[in-house]
Protein chains: 2
Amino acid sequence: MSYPHNSVVILGLGLIGGSLARSLRATGFSERITAWGHREPSLARGVELGIIDSYSLDLEEAIVGADIIVVATPTLTAAQMLNTLLPLLPADGSLSVEGSSSAEGSGPVLTDVASVKGSLRDAVVTERGSMPAKLILGHPIAGSERSGVEASSVDLFQYHRVILTPEPDSDPQALDLITRMWDSTGADVVSMSVAQHDAVLAATSHLPHVLAYALVDALAQSEVSEDIFRFAAGGFRDFTRIASSDPTMWKDISIANRQALLEAIDSFDTHLQTLRAAIAAEDADALMNTFTRAKESRDRFTALLAARKSSQD
Amino acid sequence: MSYPHNSVVILGLGLIGGSLARSLRATGFSERITAWGHREPSLARGVELGIIDSYSLDLEEAIVGADIIVVATPTLTAAQMLNTLLPLLPADGSLSVEGSSSAEGSGPVLTDVASVKGSLRDAVVTERGSMPAKLILGHPIAGSERSGVEASSVDLFQYHRVILTPEPDSDPQALDLITRMWDSTGADVVSMSVAQHDAVLAATSHLPHVLAYALVDALAQSEVSEDIFRFAAGGFRDFTRIASSDPTMWKDISIANRQALLEAIDSFDTHLQTLRAAIAAEDADALMNTFTRAKESRDRFTALLAARKSSQD
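Keep in mind that what you see is a predicted model, and the values were worked out from it rather than measured.

Enquirer: For helix 7 (residues 194–220) of chain A, give the residues involved together with the corresponding values.
Expert: One full turn of an α-helix is made of 3.6 residues, so residues set three or four places apart face in the same direction. Residue and element names in this part refer to chain A. For helix 7, with 27 residues, the first-to-last C-alpha span of 37 Å sits near the 39 Å given by 1.5 Å per residue. Remark: the principal bend of helix 7, roughly 50 degrees, maps to Ala202. Most of helix 7 is tucked away, with 23 of its 27 residues classed as buried.

Structural data, given as structure tokens:
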């Protein structure tokens, strides 16, 4: 018997939490969608927009009757949020939350949306000794340059990946439930280990952001900075777009995924120094080999994206 | 009296040369547009498409009667092209090319479109002792992922910058003529020194390309490379798009602009190492300061681009 999902409680109604609520409402995945948060205006706006049924500013009250609880607070506060939340719940699988429609003795299934998983798991294990079996960490790879519930959209997750990072002793039914929840939003759900998630995200997202910030900052402080921005063209615009991302969020992510990010920076820097040496030596063959190999990889990525998109049309 | 521009000869009919021909034809800037090149099929196709009036595979024959000669061959061959071309012309301003409609004794005005200017000037000065007064080096900041005359377009230069790098003893009328030629294509023409051009282009274009190639190559060789490309999202796609650029062209540019590029790489690397240290030390304030400063610069750039575009609409 699979776990029920009549009631979903979203903790933090921003871009991600709001978009999830919109999507679960649109597909009818849950009968009841409610939210908790610190800022009443955002929550009231969520009710006004029809995104959630109701809200509470009191965490204990908010989670009464929950089948699924989604921690959708920012990355750096997710650990604290989980460690505040877990003591309010029954020990893993032994008791149900008062009024829950979940199977007797099962309690709600928990998940989150934070961009880094290792630091979150460590924080929970440090506090509680082990990972609760019904806590399935997850990360929807979706976002927007805008933030807040007003920017939320029903199709934010469509065609996007959601990575879940279950542990060896995670509850398989809990994993199944969170998988089905994200499936219903149109996302492509995959599972991998926490370490793999953090390494992949460091490489594909966190490192590029650090490089873009470093480049724009270096140029802004150069002697020719005025001309740099006057004469920059399309390639530069695309390359530096992510340097316009929210500094607070990226400061948090950089620290939370510190270890994997430092490894990614060092690996990148080794390759950059090799290229630098080839340029200094005017080694045309070495440059040609590296650029050609990189272009082939990038072209494969383009083809892969095109195939993924068309298979979902 | 300004120099005539009845006859424009384009050496190398690729994306840039072909687009320039289309544009000059559309605006009626020149009565006669002809071309020279190594590959007859491209030139014949140019005539077929109505882009040029005629062509020659013989350089001496091709430049007879030229008012303007545009060297539009690739960056690395531009120097050799100029040094082959210059001996065929009269000494600066002393003689006219046979049959030229130029003012008696003036000879044609020369320009080019290469991405790097310093190495080109050095090659000419080494060969000839000085820069000819009627050679005005230039660089249209425009391009496409496609190449060849088939990819050329009449509006490639519209709303784009063209940088000219006249020397202190350049002929003012020659500079005026080349300025007006690019003006007629809808481009925004500006002048700066060769050194400034090469520094600005190293920072805004050549360095980002090297970083994108280094990143994609580093990721392709990592242990998680398969997952990296599977789970990469929009930010990564934009950030690495330029790694799909033509390896031959970027190998040439990297070597031609070696000195300015090495300085740009080192300046970038200093900033990256500072950020790395802040991440390693979990220095939230330092990260926040740098990311915020970079975001502000990038946002100013976005505003500047928007203003530039709207002023031209």
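Enquirer: I'd like a description of the sheet that holds strand 9 (residues 188–191) of chain B, backed by residues and values.
Expert: Residues and elements named next belong to chain B. Read across the open sheet, the 3 strands follow the order 7-8-9; overall the sheet is mixed. A single partner strand is all that each edge strand has here, and the edge strands are strand 7 (138–140) and strand 9. Strand-to-strand, the axes of this sheet are offset by a mean angle of 20 degrees, without reference to chain direction. Where strand 7 meets strand 8 (residues 161–164), 3 bridges bridge the pair, whose relative direction is antiparallel. Counterpart to Gly138 in the pairing with strand 8 is Leu164. Each of strand 7, strand 8 and strand 9 is contacted by helix 6 (residues 172–183), which is oriented at about 170 degrees to strand 8, the strand it contacts most.

Enquirer: Pulling in residues and values, what's your account of the relation of the copies chain B and chain A?
Expert: By a simple turn and slide, chain B fits onto chain A: the slide is 0.0 Å along the axis, the RMSD is 0.1 Å, and the turn is 180 degrees. Look at the turn and shift together and you get a two-fold axis relating the two. Scanning chain B for the C-alpha nearest the rotation axis identifies Phe239(B), at a separation of 2.2 Å.

Enquirer: How would you summarise the side chain of Ser23(B) if you had to cite specific residues and measurements?
Expert: Residues and elements named next belong to chain B. Within the secondary structure layout, Ser23 lies in helix 1 (residues 15–27). On the basis of relative accessibility, which here comes to 2%, the residue Ser23 falls in the buried class. Those residues within four positions of Ser23 in sequence are excluded, and the remaining contacts are Val154, Ser184 and Thr185.

Enquirer: Kindly report on the sheet that holds strand 5 (residues 109–112) of chain B, identifying the contributing residues and their values.
Expert: Residues and elements named next belong to chain B. Spatial strand order, 3-2-1-4-5-6: 6 strands in an open sheet with parallel pairing. This sheet does not close on itself; its edge strands, each paired only once, are strand 3 (54–56) and strand 6 (135–136). Bridge count for strand 2 (residues 32–36) against strand 3 is 3 bridges, and the pairing is parallel. Opposite Thr34, over in strand 3, you have Ser54 as the bridge partner. On top of the sheet, helix 1 reaches strand 1 (7–11), strand 2 and strand 4 (68–71); it is set at about 165 degrees to strand 1, its chief contact. Across the sheet, helix 6 is in contact with strand 4, strand 5 and strand 6; its angle to strand 5 comes to roughly 50 degrees.

Enquirer: An account of the nonpolar core is requested, with residue identities and associated values reported.
Expert: In globular proteins that are soluble, nonpolar side chains generally tend to be buried together. Phe268(A) and Phe268(B) are the most contacted members of the largest nonpolar core, which has 84 residues in total. Take this core: its biggest share by element is 13 residues, from helix 7 (residues 194–220) of chain B. Not counting the four nearest positions on each side in its chain, Phe268(A) is found in contact with Leu207(A), Leu211(A), Leu211(B), Ala214(B), Leu215(B), Ala218(B), Phe268(B) and Leu272(B).

Enquirer: Outline the interface of chain B and chain A, supporting the account with residue identities and numerical values.
Expert: Taken residue by residue, the interface counts 80 residues in chain B and 80 residues in chain A. Summed over both partners, the interface of chain B with chain A comes to about 8000 Å²; 71% of that surface belongs to carbon and sulfur atoms. When the buried area of chain B at its contact with chain A is split by residue, Phe231(B), Phe239(B) and Arg298(B) rank highest and sum to 10% of it. Put simply, chain B and chain A have 8 salt bridges between them. Residue Asp217(B) pairs with Arg293(A) through a salt bridge whose shortest N-O separation is 2.8 Å. Counting across the interface, chain B meets chain A through 24 residue pairs in polar contact (both at pLDDT 80 or more). For the side of chain B that touches chain A, the elements supplying multiple residues, two or more each, are strand 8, helix 7, helix 8 (225–231), helix 9 (234–240), helix 10 (247–256), helix 11 (258–280) and helix 12 (284–312) of chain B. The greatest single-element share of the side of chain B that touches chain A, amounting to 17 residues, is contributed by helix 7 of chain B. Residue composition of the side of chain B that touches chain A, grouped by class: 47 nonpolar, 15 polar and 18 charged.

Calculation criteria
- Residues numbered from 1 in each chain as written.
- Chains lettered and ligands numbered in written order.
- Predicted model: local features only at pLDDT ≥ 70, side-chain atom pairs only at ≥ 80, totals over all residues.
- Heavy atoms only, no water.
- Helix = DSSP H or I, 4+ residues; strand = E, 2+ residues; numbered from the N terminus.
- Expected span 1.5 Å × (residues − 1).
- Bend = angle between axes of the 7 residues up to and from the residue.
- Buried < 20%, exposed > 50% of the residue type's maximum accessible area, 1.4 Å probe, protein only.
- Pairing = 2+ DSSP bridges.
- Axes fitted to C-alpha atoms, helices over the stretch in contact; angles between N-to-C directions.
- Contact = heavy atoms within 4.5 Å.
- Least-squares fit on C-alpha atoms with pLDDT ≥ 70 in both.
- Core = buried A, V, L, I, M, F, W, Y, C linked by side-chain atoms within 4.5 Å.
- Buried area = accessible area lost by both parts, 1.4 Å probe.
- Salt bridge = Lys/Arg side-chain N within 4 Å of Asp/Glu carboxyl O.
- Polar contact = N/O pair within 3.5 Å; in protein donor to acceptor, adjacent residues only side chain to side chain.
- Nonpolar A, V, L, I, M, F, W, Y, C, P; charged D, E, K, R; others polar.

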